[in-house]
Amino acid sequence: MESAQGRIKPSKRRVIVRSVLALGLALASVSAVKREDFKTCSQSGFCARNRAYADIAKENPQWTSPFQLNPSSLRLNKGVLTGDLINVQEDKQPSDKPALAFELHLLDTDAARIRINERSPIHTRYDGVQDTVLIKPYGHATEGSYQKLGKDENGVLTIQYGAQSQNTVRISSAPFKIEFLVNGVPTVLLNDEGLLRFERLRNKEESKVEEEGEKQEEEASTDPLVEQKAGGNDIEIAIEKSELEKKLEENLWEEKFKEFTDSKPRGPESFGMDITFSGISHVYGIPEHASSLSLKATRGPDAPYTEPYRLYNLDVFEYEGDNPMALYGSVPFMLGHSKNSTTAVFWMNAAETWIDVEKSPEDKNGGILSWIKSKKAVHPAATRTHWMSEAGVLDVFVFLGPTHRDIFRQYASLVGTTALPQAFSIAYHQCRWNYNNQNDVAEVDAGFDEHDIPYDVLWLDIEHTNGKRYFTWDEAKFPNPTGMQESLSSKGRKMVTIIDPHIKKDGDYHVSKEGAELDVYIKNKDGSSDFDGWCWPGSSQWIDFYNPKARDWWASQFSYDKYIGSTKSLFTWNDMNEPSVFSGPEITIPKDVIHYGNVEHRNVHNLYGTMFHSATAQGLARRDETNQRPFVLSRAFFAGTQRFGAIWTGDNVASWEHLELASPMLLTIGLSGIPFSGADVGGFFGNPDAELLTRWYQAGIYYPFFRAHAHLDSKRREPWLFGEPYTTQIREAIRTRYTLLPFWYTLFQEASVEGTPIIRPMFTEFPEDEAVFGMDDQYMVGDAILVKPVVKSAVVRSNVYFAGNEKWFDIKDYSVEQGPGFKDIDSPADKIPVYQRAGTIVPKRERPRRSSKAMENDPFTLVIALDSKGEASGRLYLDDGESFNYENGDYILREFKVSKGVLSSRKVESAVAVASGKSSFAEKAGGLRIERLVILGATAPLKKVAVGDHSLQVNCSQVGGSYVCTVKEPQVTVGKDFDLSFA
């Protein structure tokens, strides 16, 4: 929804007296992102310090890391290696500065975890991210699954681990470096560049003493001048710090940005480390950025970017394209891929984080082995990354695959998979800020029926409330919210209302009053008074979702007796949850405000939106006794958000550029563990013309979350308002989404179990084809459907890459293309290139209905695309689409296969036993018919199709060099095994 960046200029006293009306006018006046409202690395003290440290290292050819492991301290026990990590430059008196604690965990998933923390700090460093992000205590490698190979003459400790002992980790003590190898090949290297830097917590007085001591030492060496005799000549020696060295001491105890001051009461506590992806040129992930799928370099002479990628959840509306600026969400997960290896890292930290990326055609360092031998080995191309976080502990997971699916599984075992959504939520959503009143809602709903366009959900933005008081209704505009929802529900449709984390400060508002009485608001930096900021309602307070009492209380607000006017067909939209604070620095909450447990916000900023999302989902799940799955959309996100619902890419623009940006952004988010995501179809800001809106619908039907949304000041743009031929073209696009809902729902079930993305970059399906490694203008939906959106005006031909030595079938006319290679394909105004891959089976429902609910008893069509061997496979998943009964095994999961001229259907056995009498859905739905088979790629017309002794009618026609054969009423159902032969 709406953003506030650049819209309110608070005075230095931060006294805001503007009316909400004035705020609304300010919204309309802004036309683009104001970059000056957001920090660059040089304005972020810890980023500037860590980057300066990297520059010092790069300028010194003899640079080595000052960190060393104490070899005598190393202990390996039950899959965990521990030891003492010493900074030999700082720790001149080790007794005064205890060594850092080093841990290497070997996990039972073949992943590894590295942690570095302070021993006995003056304050406990925040280490609670793991309690929120990790879904359960992970298991360590068992004693027999790893082997300590001992130390060599250079002091390098080697441990072999993994299911097939394919992984090796080498730990060097002096200087400290870690190298991960797969089948003997270096893959991930930690601190290979020696950029590990760790700011210890200290007292401000202690820091002053250190600074004075350094100053006196410097003065003693330069004034008076020190004289040395060298060949009878006097040599003057002056020690002066470089500009880079001076940067290491900047903004340690206080930091200013514009009129705001961050008090930093705990002082500096940042850390950074380099991570090298050896032999890998393409890295992906670390959303959210409006940039390409394959991350661009931010360092090096030819780097397209000069700023690092930033992870800091912010309300950045109308964001710029091709930019590493922070946006609404943050997932510190990065995946690297080459023909020979796939690997990933997860930097588990919720504080502000920056990542530099540098690419080189050759890895001349050669890793630890070449460093030990003091000679330069040459390795394939490498990508060096430098991770910098403001606070917390250094906690990084390394995933070595070896395949993408292995990495998705390993990562999901830590942070969880996507929640299986209600079936309606993967259909079409209609939204704008705002539908004006109850009559407007009824007219829009009727418009869809009048124009035979299906939709499932109608959304209401902030104007539906009583003065921006959430959990209320504007009674003048929406006098009968229950009746309104029931009217939609009678057609199988739902409603979503917006609920944000800021609460209007009003003693007569029941939510505000209860929150104050329960003491559940975020505190000012003094820890005693409630933080007061400015957002849509005016003076507001923010719920502290780190407080268990606050989460429980918030969840209770969704009960029907508290949220008056809500029904079980009403669901929720969490917006502004970065959090967005109009009167705060960078349009967000100050870093030095305090959460429950005396935790500074700086430690948990990127997790705030997820905590809000989680509490809301909990509230919907427990609001009644119908065992109903929640649906909650969130704008802010972090690792683990997928467990609670969907997200979207925020406040985009009605422009061709933003249509083009949507694909790489959604692919990146999906790769990073959050598959249920979408972009506002049509663009939130501005007014798309008919061509742009139509093309956006044609692309949007292939977003996992499919919603049209528009700004308050944009012109109305419901799908029929541009007239013909656009109404027909948009109707056809939306109907295509609905015919493919069985396929989409099956993909969501797979994602909920395996952690796989739903829309996938080409390289995940074709991992050895280098032509697709940087490709982000086309992608796969599952493993079966190729999509190439049209993202430029007046385009009627598209250059499509058909990967693999296999056939691809147009999903509309079944025309055939042969891969591999590029080909110009017609993309007229009524379609974009979409192809089904040979060797796949796609389940569909083809009867037009007004909503997905109305389709639940419809029969199925199987589209079978044969490969060159005459084989194909696919799955169909069904459950009741609403409840959690599937967790007890009440579902249907069928696997279809074609082999040797036989189409078979078999049940995929569940690991969950179905309780007696509890399989009501599976029993009922098992009788649903398969009404049609469409067989593509037959080399000759099929002459006979039979189920047992019963012959079926088949009709074939030639399309290109192969045949399309249709079998109607094959007399089989989705609930029973069958074998259907054809020849």
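Below is a summary of the structure that appears in this document. (Residues numbered from 1 in each chain as written. Predicted model: local features only at pLDDT ≥ 70, side-chain atom pairs only at ≥ 80, totals over all residues. Heavy atoms only, no water.)

## A few points about the packing of aromatic side chains
So, point 1. Under the counting rule described, the total for this entry stands at 55 aromatic pairs.
So, point 2. Between F684 and F685, the ring centres sit 4.8 Å apart and the planes meet at 80°, which makes this aromatic pair edge-to-face.
So, point 3. Using a relative accessible area of 0% as the deciding quantity, one classes F684 as buried.
So, point 4. Among the aromatic side chains, those forming a connected cluster through ring pairs are F471, W473, F478, F545, W553, W554, F558, Y563, Y608 and F612.
So, point 5. Directly above the aromatic system of Y312 lies the positively charged group of K591, at a separation of 5.2 Å from the ring centroid.
So, point 6. Stacked on the ring of W648, the Lys or Arg R707 has its end atom at 4.9 Å from the ring centre. (Phe/Tyr/Trp six-rings, centres within 6.5 Å; stacked < 30°, edge-to-face > 60°. Buried < 20%, exposed > 50% of the residue type's maximum accessible area, 1.4 Å probe, protein only. Lys NZ or Arg CZ within 6 Å of the ring centre and 35° of its normal.)

## A closer look at the nonpolar core
So, point 1. Residues W554 and Y702 are the most contacted members of the largest nonpolar core, which totals 183 residues.
So, point 2. Among the elements that make up this core, the one with the highest residue count is helix 13 (residues 656-671) (nine residues).
So, point 3. Beyond its immediate stretch of four places on either side in the chain, W554 contacts F471, I499, D500, I503, I543, F545, F612, A615 and T616.
So, point 4. In terms of nonpolar packing, the next biggest core, distinct from the first, is built from 48 residues, F67, I159, Y161 and V398 among them. (Core = buried A, V, L, I, M, F, W, Y, C linked by side-chain atoms within 4.5 Å. Helix = DSSP H or I, 4+ residues; strand = E, 2+ residues; numbered from the N terminus. Contact = heavy atoms within 4.5 Å.)

## Considerations on the sheet that holds strand 41 (residues 807-810)
So, point 1. Strand order in the open sheet formed by six strands is 37-38-39-44-41-42, with antiparallel pairing between adjacent strands. Edge positions in the sheet fall to strand 37 (759-760) and strand 42 (816-818), since each has one partner strand and no second.
So, point 2. Across three bridges, strand 41 lies against strand 44 (residues 834-837) in antiparallel orientation. By the bridge assignment for strand 44, F809 is matched with Q836. (Pairing = 2+ DSSP bridges.)

## So, unusual backbone geometry
So, point 1. Following A174, the chain continues into P175 via a peptide bond in cis, with omega recorded as -10°.
So, point 2. Residue placement: P175 occurs in the loop between strand 8 (167-172) and strand 9 (177-182).
So, point 3. Here W433 and N434 are connected by a cis peptide whose omega angle stands at 10°.
So, point 4. The phi torsion at N191 lies on the positive side, around 60°, for a residue other than glycine.
So, point 5. For N191, the position within the fold is in the loop between strand 10 (185-190) and strand 11 (197-198).
So, point 6. According to the relative accessible area criterion, N191 is buried, its value standing at 0%.
So, point 7. Non-glycine residue Q971 carries a positive phi angle of around 60°.
So, point 8. With respect to the helices and strands, the residue Q971 is situated in strand 54 (residues 962-973).
So, point 9. Q971 gets classed as exposed once you look at its relative accessible area, which sits at 58%.

## Examining the sheet that holds strand 27 (residues 502-504)
So, point 1. Taken together, the three strands give an open sheet; going across it, the order is 27-29-28, and neighbouring strands pair in antiparallel fashion. A strand with exactly one partner marks an edge of an open sheet, and here the two such strands are strand 27 and strand 28 (533-535). Looking at each pair of strands side by side, their axes are set apart by 60° on average, direction ignored.
So, point 2. Examined bridge by bridge, strand 27 and strand 29 (residues 538-542) share three bridges and lie antiparallel to one another. Residue H502 lies in a different strand from strand 29, and its bridge partner there is W542. (Axes fitted to C-alpha atoms, helices over the stretch in contact; angles between N-to-C directions.)

## Concerning helix 10 (residues 510-518)
Side chains of residues three or four places apart in an α-helix project in the same direction, reflecting 3.6 residues per turn.
So, point 1. Here helix 10 has its buried residues at V511, S512 and G515. The arc that holds every buried residue of helix 10, seen down its axis, measures 100°, which confines them to one face.
So, point 2. If you follow the buried residues of helix 10, they end up packed against strand 27 and helix 11 (548-556).
So, point 3. D519 occupies a position one or two residues after helix 10 and carries a positive phi of about 60°. (Arc of directions from axis to C-beta.)

## Quick word on the state of the cysteines
So, point 1. Under the counting rule described, the total for this entry stands at two disulfides.
So, point 2. Residue C41 pairs covalently with C47 via a disulfide, S to S 2.1 Å. Residues C41 and C47 are joined through a disulfide that is left-handed, its torsion about the S-S bond being -100°.
So, point 3. Accessibility expressed as a relative area gives 2% for C41, which makes it buried.
So, point 4. Judged by relative accessible area, C47 falls into the buried class, the value being 0%.
So, point 5. A disulfide bridge connects C956 with C965, and the sulfur atoms are separated by 2.1 Å. Its S-S torsion of about 115° marks the bond between C956 and C965 as right-handed, since a negative value means left-handed.
So, point 6. Cysteine pairing for the protein (bonded cysteines numbered in sequence order): 1-2, 3-4. (Disulfide = S-S within 2.5 Å.)

## Considering helix 13
So, point 1. Taking 1.5 Å as the rise per residue, helix 13 with 16 residues should run 22 Å; its terminal C-alpha atoms sit 24 Å apart, in good agreement.
So, point 2. Of all the bends in helix 13, the greatest reaches close to 25° and is centred on A662; the proline P664 follows between one and four positions later.
So, point 3. G673 sits one or two residues past helix 13 and shows a positive phi near 100°. (Expected span 1.5 Å × (residues − 1). Bend = angle between axes of the 7 residues up to and from the residue.)

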